[in-house]
Amino acid sequence: MAGASVKVAVRVRPFSARESSRQAKCVIQMRGNTTCITNPKLPKDGTKHFTFDYSYWSHTSEEDPNFASQRRVYQDIGEEMLAHAFEGYNVCILAYGQTGAGKSYTMMGRQEPGQRGIIPQLCEDLFARVAREGSPELSFSVEVSYLEIYCERVRDLLNPKSRGGLRVREHPLLGPYVQDLSRLAVASFADIADLMDSGNKARTVAATNMNETSSRSHAVFSIVFSQRRQDPLSELATEKVSRISLVDLAGSERADASGAKGIRLKEGANINKSLTTLGKVISALAEATSKKKKPEFIPYRDSVLTWLLKENLGGNSRTAMIAALSPGRLQLRGDAEHAAVRGPHEADPLPRGDQRGPERAADPRAAPGGDAAQGAAQRPGKRKKSSQS
Ligand SMILES: Nc1ncnc2c1ncn2[C@@H]1O[C@H](COP(=O)(O)OP(=O)(O)O)[C@@H](O)[C@H]1O
Ligand SMILES: [Mg+2]
């Protein structure tokens, strides 16, 4: 595979009922892979243009020829990542953005036809491909775990008894992992869909002023996918293991913006810490990729999130980040966490076509609105043996 290991997309959602009733104005426009943002408070600043690998216009509906549906987002990003997993790479898809911006919708979506997000579509596709390609020589196994990180503590979403506080350890060969985390073997999409449902129900949600059911935790849905090939002549078996981590990050709003106090403020600090660290990790990796050299130091250990995702972000893995944007009023602030989507090329002139790798992000901090849903994944596991292509 040529090209950078990080793809960046942005996606703008429709107005919520509340925004519509207040006649909110959409401050974002998209053309091709370019996102244009106009800050109505600062018309002098003009419109800012940002180019990403993908700019998804999901503000309207199917009738609009420019509309980006759940299917479209999956076909661009999910299919590519699934293909990499079949090649033996570890892959990671992260959804980033403020609470209510559409992270959970993008990752999990809703049950109704056409509304399912990347995670269920990817799982369904995975089993369809396994069914097509399985043979006496080639067998597959799929294991799933689902965890949440809340205030730097890990909780197993597939174990109803888990109250959080699982220990994160490091295996000398396999990297960081969560001790005692359930890892369940699944044989069909129906199995995985059941686990997804029960995990989603177990997620921590807490009310803040920003959003009543905002998700204050990172959710990591992980699939450990093994392909075992038995050579009929030599009888030698080879195994390729890839880990697919699908992550619904906690809301990126600043603690102060949501009137947070006490525990909420602590939550905010922890969330910012992991998002800031994630930004640094991705920047360091992308910089190393663009300069074709080994990264010097990558601060994986600075947050539980990045530590657990180490094998999914660095080395021979493939990462996609989708920044969810609310269409309404912007709070254009220079938060450090935005580095998470900004990537290393901020100094480059904008916009550029055909760029790869994390680009500077539009990072509109969107207005509050909407409700929260859930997210997805990550996990420790076996070692990938990557087959390069
Ligand atoms: N692209 C979209 N199309 C339709 N509805 C969306 C879209 N994105 C988000 N929503 C709706 O907006 C609300 C907030 O989205 P959600 O995914 O829960 O935000 P987040 O997880 O970022 O907090 C939900 O009701 C969700 O169904
Ligand atoms: Mg959510």
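Residues numbered from 1 in each chain as written. Chains lettered and ligands numbered in written order. Predicted model: local features only at pLDDT ≥ 70, side-chain atom pairs only at ≥ 80, totals over all residues. Heavy atoms only, no water.

What about the overall build of the protein chain?
The helix and strand tally for the protein chain stands at nine helices and 14 strands. Residues classed as buried in the protein chain amount to 54% of the 389 residues present. Of all intrachain contacts in the protein chain linking residues separated by at least 6 positions in sequence, the fraction that spans at least 24 positions is 73%. Summed over its atoms, the accessible surface of the protein chain is roughly 17,000 Å², and 51% of this surface lies on carbon and sulfur atoms. (Helix = DSSP H or I, 4+ residues; strand = E, 2+ residues; numbered from the N terminus. Buried < 20%, exposed > 50% of the residue type's maximum accessible area, 1.4 Å probe, protein only. Contact = heavy atoms within 4.5 Å. Areas by Shrake-Rupley, 256 points an atom, 1.4 Å probe, with all protein chains shown as cover.)

Description of the nonpolar core
The biggest cluster of nonpolar side chains holds 43 residues, and the ones touching the most others in it are Ile 93, Ile 192, Phe 221, Ile 223 and Leu 246. Mapped onto this core, the elements with two or more residues apiece are helix H2 (70-87), strand S6 (90-96), helix H4 (118-133), strand S7 (138-150), helix H5 (189-202), strand S12 (218-230), strand S13 (237-248) and strand S14 (317-325). Listed in part, the 41 residues of the second largest apolar core include Val 6, Trp 57, Val 178 and Val 247. (Core = buried A, V, L, I, M, F, W, Y, C linked by side-chain atoms within 4.5 Å.)

Considering the packing of aromatic side chains
Applying the stated criterion to the full structure yields five aromatic pairs. Ring centres of Phe 140 and Phe 225 lie 5.8 Å apart, and the angle between their planes is 5 degrees; on these two criteria the pair is classed as stacked. Of the two residues, Phe 140 is situated in strand S7 and Phe 225 in strand S12; the sequence distance between them amounts to 85 residues. Comparing Phe 140 with Phe 225 shows no difference in burial state: the two are buried. Chaining the aromatic ring pairs together yields one cluster made of Phe 86, Phe 140 and Phe 225. In this structure, Arg 129 packs its charged tip against the face of Phe 86, placed 3.7 Å from the ring centre. Stacked on the ring of Tyr 89, the Lys or Arg Arg 318 has its end atom at 4.4 Å from the ring centre. (Phe/Tyr/Trp six-rings, centres within 6.5 Å; stacked < 30°, edge-to-face > 60°. Lys NZ or Arg CZ within 6 Å of the ring centre and 35° of its normal.)

With respect to the UniProt feature "binding site: ATP" (unreviewed entry) in the protein chain
The feature "binding site: ATP" (unreviewed entry), as given by UniProt, occupies Gly 97, Gln 98, Thr 99, Gly 100, Ala 101, Gly 102, Lys 103 and Ser 104 in the numbering adopted here. Among the secondary structure elements, Gly 100 is positioned in the loop between S6 and helix H3 (103-107). For Gly 100, a relative accessible area of 11% corresponds to the buried category. With respect to the element layout, Lys 103 can be found in helix H3. Apart from the residues lying within four places of it in its own chain, the contact partners of Lys 103 are Ala 95, Tyr 96, Gly 97, Gln 98, Asp 248, Leu 249, Ala 250, Gly 251 and Ala 324. A distance of 3.0 Å separates a polar atom in the side chain of Lys 103 from the backbone oxygen of Gly 97. (UniProt positions renumbered as here; feature names shortened; annotations may be inferred. Polar contact = N/O pair within 3.5 Å; in protein donor to acceptor, adjacent residues only side chain to side chain.)

Let's talk about the packing of H4 against H5
Where H4 contacts H5, the axes come no closer than 9 Å and their chain directions differ by 155 degrees. Judged on the interaxial angle alone, H5 and H4 are roughly antiparallel. In this structure, the crossing between H4 and H5 has a hand that is right-handed. On H5, the residues that touch Ile 119, Pro 120, Cys 123, Glu 124 and Phe 127 of H4 are Phe 189, Ile 192 and Met 196. Of the residues that constitute the contact of H4 with H5, the class distribution is seven nonpolar, no polar and one charged. (Axes fitted to C-alpha atoms, helices over the stretch in contact; angles between N-to-C directions. Parallel < 35°, antiparallel > 145°, perpendicular 65-115°, else oblique. Left-handed = near helix turned anticlockwise from the far one by under 90°. Nonpolar A, V, L, I, M, F, W, Y, C, P; charged D, E, K, R; others polar.)

Things to note about the environment of Gln 111
Tracing the sequence through the fold places Gln 111 in the loop between H3 and H4. With near-sequence residues (within four places) excluded, Gln 111 lies in contact with Arg 116 and Asp 197.

Points about the packing of H2 against H4
H4 packs onto H2 with a crossing angle of 50 degrees between their chain directions and a minimal axis gap of 9 Å. Between H2 and H4, the interaxial angle falls into the category oblique. For the element pair H2 and H4, the recorded crossing hand is right-handed. In this structure, H2 contributes Gln 70, Arg 71, Val 73, Tyr 74, Gly 78, Glu 79, Leu 82, Ala 83 and Phe 86 to the contact, and H4 contributes Ile 118, Gln 121, Leu 122, Asp 125, Leu 126, Arg 129, Val 130 and Glu 133. Here the residues of the contact of H2 with H4 are counted per class, giving nine nonpolar, three polar and five charged.

Quick notes on unusual backbone geometry
Despite not being glycine, Glu 152 has its phi angle at roughly 65 degrees, a positive value. Its location among the elements puts Glu 152 in the loop between S7 and strand S8 (153-156).

Regarding H5
With 14 residues, H5 should reach 20 Å at 1.5 Å per residue; the first-to-last C-alpha distance of 20 Å fits that figure. When H5 is considered as a whole, its buried residues turn out to be Phe 189, Ile 192, Leu 195, Met 196, Gly 199 and Asn 200. Looking straight down H5, one finds its buried side chains confined to an arc of 135 degrees; they lie on one side. Structural note: H5 exposes Asp 194 and Lys 201 on the side pointing more than 90 degrees away from its buried face. On its buried face, H5 sits against H4, S7, strand S11 (184-186) and S12. (Expected span 1.5 Å × (residues − 1). Arc of directions from axis to C-beta.)

A closer look at the pattern of salt bridges
Summed over the entire model, instances satisfying the criterion amount to 11 salt bridges. Between Lys 310 and Glu 311 there is a salt bridge, with its nearest N and O atoms 3.6 Å apart. Looking at Lys 310, the relative accessible area reads 23%, which means it is partly exposed. A relative accessible area of 21% means that Glu 311 is categorised as partly exposed. (Salt bridge = Lys/Arg side-chain N within 4 Å of Asp/Glu carboxyl O.)

Some remarks on H2
An ideal rise of 1.5 Å per residue puts 26 Å on 18 residues; H2 measures up with 24 Å between its terminal C-alpha atoms. Of all the positions in H2, only Gln 70, Val 73, Tyr 74, Asp 76, Ile 77, Gly 78, Met 81, Leu 82, His 84, Ala 85 and Phe 86 are classed as buried. Of the residues trailing H2, Gly 88 is marked for its positive phi of about 105 degrees.

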